[in-house]
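Observations on chain architecture
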Amino acid sequence: MVFRNSEVTTRCEGITVIRRVLAVVTSAAAALLLVPEIFLGGDGRRRIIVFAAASGGGGSGLFASSFNVGIAIAVTAMAGLALAATLVYSSRSGSIKSPWSRRRRKHALLAKQWKGLFDADGKLSDGGIKFLKKIRTGGVEPSIRAEVWPFLLGMYDVKSSRRERDTIRAQKREYVELRKQCRQISKRGEWSFKLKEISGNNSNDDGLDVSQVFDSPSMDETASARQNIPTSRELVEQEEEDNDIITNENISEAETGSSDSDSSEDLEDTKPLLGSTETEDSHLYEPINIALEKFETSSSSSKLQDFATWQRIIRLDAIRANAEWINFSPSQASVSEAKAQQLAESVGLKDYEHLEPCRIYHAARLVAILEAYAIYDSEIGYCQGMSDLLSPIISVIEEDHIAFSCFVGFMRKARHNFRLDEVGIRRQLSIVSKIIKCKDPYLYKHLEKLQAEDCFFVYRMVVVLFRRELTFEQTLCLWEVMWADQVAIRAGIVKSAWRRMRVRAPPTDDLLLYAIAACVLQKRKMIIENYSSMDEIMRECNSMAGQLDVWKLMDDAHNLVVILCDKI
């Protein structure tokens, strides 16, 4: 059975009807002109002879005949009107399409254009509307991504001045404080582990806890170990003597304070990490000292256990990170082996001997920033998949503290993908399901038969935002368009302002979900005809890597936004 393509819309059906009318009119005109004899009814009936054979002289010829000029003009006029109606209807209906309706991709935002968008004070002209429109239609030129992304990820407000951005950019202390806390917790965890080993070796009771070991007067070795456990202040003083690398800019401890007490006093007046004030999760924009206080309020054993778990998974994921980014970051790809190993040792990375220096360096940066984020947003901590989201950011942005700020901005929305209760994931899968149901009821009924209407087969696409299904460059392009929509919403660029730019697809926070639905709809014929279980559909979705056209995908996604944004 041949199924009608799901992309046939009312507009296409209207054009088809008009074309049929045009065909009928044209046929009628041909009949009037070519049929040898046509008699018109009524009292004024006349014969119209176009061609007639000669009747005498043994020859043949063509004789001029009487011709109904009025009928010919009428037929021609009807054909012209039908053609004009087709063109006008097609033109008007075509205007609802996304910016890619005529071309799959326009030119990316170029360096020269980027510089021309700022006024004398370093502010984006017209509140950033032209800037965002350009990114929506073509993405960003790779050479200026490091400058543009802090705007897209909320580190800088689109209405900020150059002076305000310089102030924000210079705030390295907050990230450094988080890294210091990571090292302190890590060292406390190591001492705690050693103490448990000692207590376990000297105890006949497997259930004896650390507090019982401390109280035992006969445990000289244990007491000695206990006395050697450094306090928080001793750890800080020890760090002052270390040459650990805090970031890849070699920020010294002298610049960041020498004690916990000094740091706490200085951080009381610290400004929020990011420039934007409108948030979905307000705690992600609180000062670092508040985030640290929340982490410190948790019980010591729970804190050490959680961080140790996060740290173990982070280090494993960092080592496994793919190398797609290398071609897009020449400066980091050429890092020396000595620098890579030094950074790896400073963050406690292990088992990296099989990696190239550039991949060691990349893995160490992942560890440093992800550990800092785990403390900053301790409610989420770290979950597998976050490294997939951070890897492109650190390949573009070389300063760790800026990359961290951008990652925090990215995670403002993406953090819901990593909640243990999966509320955020279920909400997004529900939206994808609704989009498919509204756009293609037949496909949705087929999914219901397979008990796959919850769209769980696109789970991975939702969690890591298409990172596994697209190439590295395609991922960056998709994310840039998605971020531009989110910035437009944060900046208060409403639907009417977008229409004035002749871009009918309004900004949406859920563009990624429309893209995922578009991806499924593109495969609808295969799903209906070939697949009889959700597992088969999931395997198809997970095998799409490198097979998708990202700009066609975005075109279809924006069309879905136009058609369904008021219904979802």
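Residues numbered from 1 in each chain as written. Predicted model: local features only at pLDDT ≥ 70, side-chain atom pairs only at ≥ 80, totals over all residues. Heavy atoms only, no water.

Across its full length, the chain holds 27 helices and two strands. When the 568 residues of the chain are sorted by exposure, 48% land in the buried category. Within the chain, contacts between residues at least 6 apart in sequence are counted, and of these 75% link residues at least 24 apart. Carbon and sulfur atoms provide 51% of the accessible area of the chain, an area that totals close to 28400 Å². (Helix = DSSP H or I, 4+ residues; strand = E, 2+ residues; numbered from the N terminus. Buried < 20%, exposed > 50% of the residue type's maximum accessible area, 1.4 Å probe, protein only. Contact = heavy atoms within 4.5 Å. Areas by Shrake-Rupley, 256 points an atom, 1.4 Å probe, with all protein chains shown as cover.)

Orientation of helix 17 (residues 386-396) relative to helix 22 (residues 472-490), taken along the N-to-C sense of each, is 95°, at an axis distance of 11 Å. Of the possible angle classes, the one that applies to helix 17 and helix 22 is roughly perpendicular. Where helix 17 approaches helix 22, its residues Asp 388, Leu 389, Pro 392, Ser 395 and Val 396 are matched on the opposing element by Phe 472, Leu 476 and Trp 479. Here the residues of the contact of helix 17 with helix 22 are counted per class, giving six nonpolar, one polar and one charged. (Axes fitted to C-alpha atoms, helices over the stretch in contact; angles between N-to-C directions. Parallel < 35°, antiparallel > 145°, perpendicular 65-115°, else oblique. Nonpolar A, V, L, I, M, F, W, Y, C, P; charged D, E, K, R; others polar.)

Looking now at the confidence of the model for the chain. Per-residue pLDDT for the chain has a mean of 74; in total, 60% of the residues score no lower than 70. Across residues 202-279 the pLDDT falls below 50, and counting only partners more than four positions away or on other chains, this stretch makes 126 contacts in the model. (pLDDT = per-residue confidence, 0-100.)

The next point concerns the environment of Lys 525. Residue placement: Lys 525 occurs in helix 25 (residues 524-530). The exposure class of Lys 525 is partly exposed, given its relative accessible area of 46%. A sequence separation of 82 residues divides Lys 525 from Leu 443, and the C-alpha atoms of the two residues are 8.6 Å apart.

Within the element layout of this structure, Cys 477 appears in helix 22. For the pair Cys 477 and Val 140, spaced 337 residues apart in sequence, the C-alpha to C-alpha distance is 7.4 Å.

On inspection of all chains with the given rule, the structure shows 21 salt bridges. When the shortest N-O distance is used, the salt bridge between Arg 460 and Glu 469 registers 2.8 Å. Relative accessible area serves as the criterion here: at 0%, Glu 469 is assigned to the buried category. (Salt bridge = Lys/Arg side-chain N within 4 Å of Asp/Glu carboxyl O.)

Turning our eyes to something else, we now look at the packing of helix 16 (residues 357-376) against helix 17. Between helix 16 and helix 17, whose axes approach to 10 Å, the crossing angle comes to 115°. The crossing of helix 16 and helix 17 is right-handed. Residue-level inspection shows His 362, Arg 365, Leu 366, Ile 369 and Leu 370 of helix 16 in contact with helix 17, the latter providing Met 386, Ser 387, Leu 390, Ser 391 and Ile 394. Here the residues of the contact of helix 16 with helix 17 sort into six nonpolar, three polar and one charged. (Left-handed = near helix turned anticlockwise from the far one by under 90°.)

Among the nonpolar cores identified, the biggest contains 136 residues, and Phe 131, Leu 389, Ile 393, Phe 457, Val 458 and Phe 466 are the most heavily contacted of them. Among the elements that take part in this core, helix 16 stands out by supplying 15 residues, more than any other. Leaving out residues up to four positions away in the same chain, Leu 389 has contacts with Phe 407, Phe 410, Met 411, Ala 414, Phe 418, Val 464, Leu 465 and Trp 479. (Core = buried A, V, L, I, M, F, W, Y, C linked by side-chain atoms within 4.5 Å.)

This part is about helix 24 (residues 511-522). Counted at 1.5 Å a residue, the expected span for helix 24 with its 12 residues is 16 Å, and the 16 Å between its end C-alpha atoms agrees. With 11 of 12 residues buried, helix 24 lies mostly within the body of the structure. Of all the positions in helix 24, only Leu 511, Leu 512, Leu 513, Tyr 514, Ala 515, Ile 516, Ala 517, Ala 518, Cys 519, Val 520 and Leu 521 are classed as buried. On the buried face of helix 24, the contacting elements are helix 19 (423-439), helix 20 (441-449), helix 21 (459-463), helix 22, helix 25 and helix 27 (550-564). (Expected span 1.5 Å × (residues − 1).)

Before going further, it helps to examine unusual backbone geometry. Trans is the common state for peptide bonds, and a negative phi is the common state for residues other than glycine. Within the chain, Leu 465 stands out as a residue other than glycine whose phi angle is a positive 55°. In the Ramachandran plot, Phe 466 falls in the positive-phi region, its phi being about 70° despite a non-glycine side chain. Counting through the fold element by element, Phe 466 comes out in the loop between helix 21 and helix 22. Of the residues examined, Phe 466 reaches a relative accessible area of 0% and is grouped as buried.

Looking now at helix 19. For helix 19, with 17 residues, the first-to-last C-alpha span of 25 Å sits near the 24 Å given by 1.5 Å per residue. Taken together, the buried positions of helix 19 are occupied by Gly 424, Ile 425, Gln 428, Leu 429, Ile 431, Val 432, Ser 433, Ile 435, Ile 436 and Lys 439. At its buried positions, helix 19 is contacted by helix 20, helix 21, helix 24 and helix 27.

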